[in-house]
Amino acid sequence: MNRILALLFLASCTIISCKKSDNTNRCAVVTDTAASAEVTTLKAYLDSNKIQATADSRGFFYNILAPGDTSIRPGACSNITVTYTGRLTTGIQFDAKNGIGILLSSVITGWKEGIPLIGKGGSIILYIPPSQGYGSVVQGTIPANSTLVFAIDLLDVD
């Protein structure tokens, strides 16, 4: 009888300790705003290259090429499948992927803020200031304080 009670106690402790962690912070809606100097620099780049883009109040710019099914938009904790190309403002491509699955909460701020502007099947170009990209950190071949340009096709949303 004591063995059974001990096993039940251990099983209860195990179940209680396996409680899911709180994802509230990880999946919170992002509302980070870029510094005005970054926005000014990004706007100057767009103007000098005659790029028409919509300014978002958070500091990035975008062009929606196709809105997609806007009834199926990703949320902060959505798994998304995308095809994308990432470039520096010099035109140098630093990354490209086809049909890759990503958790939206695990990407750079500019993606977290920009991708939900389109729905499943949509396409967008994001012009992301440094603080909403990789900031002052060198990331592979991306220099610190780089403005990033991403062409993104949102293939699926889970």
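About the criteria used
- Residues numbered from 1 in each chain as written.
- Predicted model: local features only at pLDDT ≥ 70, side-chain atom pairs only at ≥ 80, totals over all residues.
- Heavy atoms only, no water.
- Salt bridge = Lys/Arg side-chain N within 4 Å of Asp/Glu carboxyl O.
- Helix = DSSP H or I, 4+ residues; strand = E, 2+ residues; numbered from the N terminus.
- Buried < 20%, exposed > 50% of the residue type's maximum accessible area, 1.4 Å probe, protein only.
- Pairing = 2+ DSSP bridges.
- Phe/Tyr/Trp six-rings, centres within 6.5 Å; stacked < 30°, edge-to-face > 60°.
- Contact = heavy atoms within 4.5 Å.
- 1 Å grid on protein atoms, 1.4 Å probe; cavity = no way out; pocket = protein on both sides within 12 Å on 5 of 7 lines; lining within 4 Å.
- Points joined across faces, edges and corners; volume = space filled by probe spheres on them.
- Nonpolar A, V, L, I, M, F, W, Y, C, P; charged D, E, K, R; others polar.
- Polar contact = N/O pair within 3.5 Å; in protein donor to acceptor, adjacent residues only side chain to side chain.

Q: Before we move on, can you summarise the pattern of salt bridges with the specific residues and values?
A: Under the defined criterion, the tally for this structure stands at 4 salt bridges. Across the pair lysine 120 and aspartate 156 runs a salt bridge whose closest N-O atoms are separated by 3.3 Å. Here aspartate 156 lies in strand β6 (residues 148-157) and lysine 120 lies in the loop between α3 (109-114) and β5 (123-128), a separation of 36 residues in the sequence. The class of lysine 120 is partly exposed, set by a relative accessible area of 34%. Judged by relative accessible area, aspartate 156 falls into the partly exposed class, the value being 27%.

Q: Got a sec to walk through the pairing of β5? Specific residues and values, please.
A: For β5, the buried fraction is high: 6 of the 6 residues fall into the buried class. Pairing analysis gives 5 bridges linking strand β2 (residues 61-66) to β5, with the strands arranged antiparallel. Bridge pairing in β5 places asparagine 63 opposite isoleucine 125. Two elements, β5 and β6, share 6 bridges in a ladder whose sense is antiparallel. Counted as the bridge partner of isoleucine 124 is isoleucine 152 from β6.

Q: So what about the packing of aromatic side chains? Which residues, and what values?
A: The final tally for this structure, using the stated rule, is 5 aromatic pairs. A ring pair is formed by phenylalanine 94 and phenylalanine 150, whose centres lie 5.6 Å apart and whose planes are at 90 degrees; its orientation type is edge-to-face. On the criterion of sequence distance, the pair formed by phenylalanine 94 in strand β4 (residues 93-103) and phenylalanine 150 in strand β6 is long-range, its members being 56 residues apart. Three or more aromatic residues joined by ring pairs make a cluster, and in this case those are Tyr84, Phe94, Trp111 and Phe150.

Q: Quick one: what's the story with the environment of leucine 42, residue by residue and with numbers?
A: Looking at the element boundaries, leucine 42 is found in helix α2 (residues 36-48). Separated by 86 residues in the primary sequence, leucine 42 and isoleucine 128 have C-alpha atoms spaced 8.0 Å apart. Those residues in contact with leucine 42 that sit more than four places away from it in its chain are Gly59, Phe60, Phe61, Tyr127, Ile128, Pro129 and Thr147.

Q: I'd like to hear about the layout of surface pockets, residue by residue, with values.
A: As a volume, the largest pocket reaches approximately 170 Å³. Residue lining of the largest pocket: Tyr84, Phe94, Asp95, Ile102, Val107, Ile108, Trp111, Tyr134, Ile142 and Phe150, and that is the complete set. The element best represented in the lining of the largest pocket is β4, accounting for 3 residues. A per-class count over the lining of the largest pocket returns 9 nonpolar, no polar and 1 charged.

Q: Describe the environment of aspartate 56, with residues and values.
A: Following the sequence through the fold, aspartate 56 ends up in the loop between β1 (54-55) and β2. Residues aspartate 56 and threonine 33, spaced 23 residues apart in sequence, show a C-alpha to C-alpha distance of 9.5 Å. For aspartate 56, the side chain forms a polar contact with the side chain of arginine 58, separated by 2.7 Å.

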